[in-house]
Amino acid sequence: MKDHPLKDGNKRSAAALFVTFLARNGLLLNADGQPKFTNNALAALTLLVAMSDSKEKDLMVALITKMLDGRFQPVSATSSASLSTGVL
């Protein structure tokens, strides 16, 4: 998604390539056979990387690596609502 030769970026192609890479390398599914990323998470991750500053490359790589290793736990809808109201 970054430093690409395509004029308009083509985030959909980058996301499809990312999913294909994960599938071919046995990294797409978790131990239960479910995808590690929901469609919404993939869209958010794609936009996050595309909009990030090139100086943040190491941070983006670390984030994706942690997500793939299962060391990053996304905030659930319940937790997200609690955070926005200040109630935990």
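Use the structure listed above.
A quick note: this is a predicted structure, and the numbers were derived from the prediction, not measured. (Residues numbered from 1 in each chain as written. Predicted model: local features only at pLDDT ≥ 70, side-chain atom pairs only at ≥ 80, totals over all residues. Heavy atoms only, no water.)

(A) Quick peek at helix H2 (residues 39–51). Here H2 is 13 residues long and its end C-alpha atoms lie 18 Å apart, about the 18 Å a rise of 1.5 Å per residue gives. When H2 is considered as a whole, its buried residues turn out to be Leu 42, Leu 45, Thr 46 and Val 49. Down the axis, H2 shows its buried residues gathered within 100° of arc, on one side only. Exposed residues on H2 whose side chains face more than 90 degrees from its buried face are Asn 40 and Met 51. In this fold, the buried residues of H2 make contact with helix H1 (11–24) and helix H3 (57–69). (Helix = DSSP H or I, 4+ residues; strand = E, 2+ residues; numbered from the N terminus. Expected span 1.5 Å × (residues − 1). Buried < 20%, exposed > 50% of the residue type's maximum accessible area, 1.4 Å probe, protein only. Arc of directions from axis to C-beta. Contact = heavy atoms within 4.5 Å.)

(B) Layout of H1. Taking 1.5 Å per residue as the helical rise, H1 with its 14 residues ought to reach 20 Å, and the 20 Å between its terminal C-alpha atoms agrees with that figure. Here the buried face of H1 lies against H2 and H3. One or two residues past the end of H1 sits Gly 26, with phi positive at roughly 65°.

(C) Fine view of the nonpolar core. By size, the foremost hydrophobic cluster in this structure holds 11 residues: Ala 15, Phe 18, Leu 22, Phe 37, Leu 42, Leu 45, Val 49, Met 60, Ile 64, Met 67 and Leu 68. Put simply, the parts of the chain that give this core at least two residues each are H1, H2 and H3. Of the residues forming this core, the biggest block, four residues, is contributed by H3. Apart from residues lying up to four places away in sequence, Ala 15 is in contact with Leu 42 and Thr 46. (Core = buried A, V, L, I, M, F, W, Y, C linked by side-chain atoms within 4.5 Å.)

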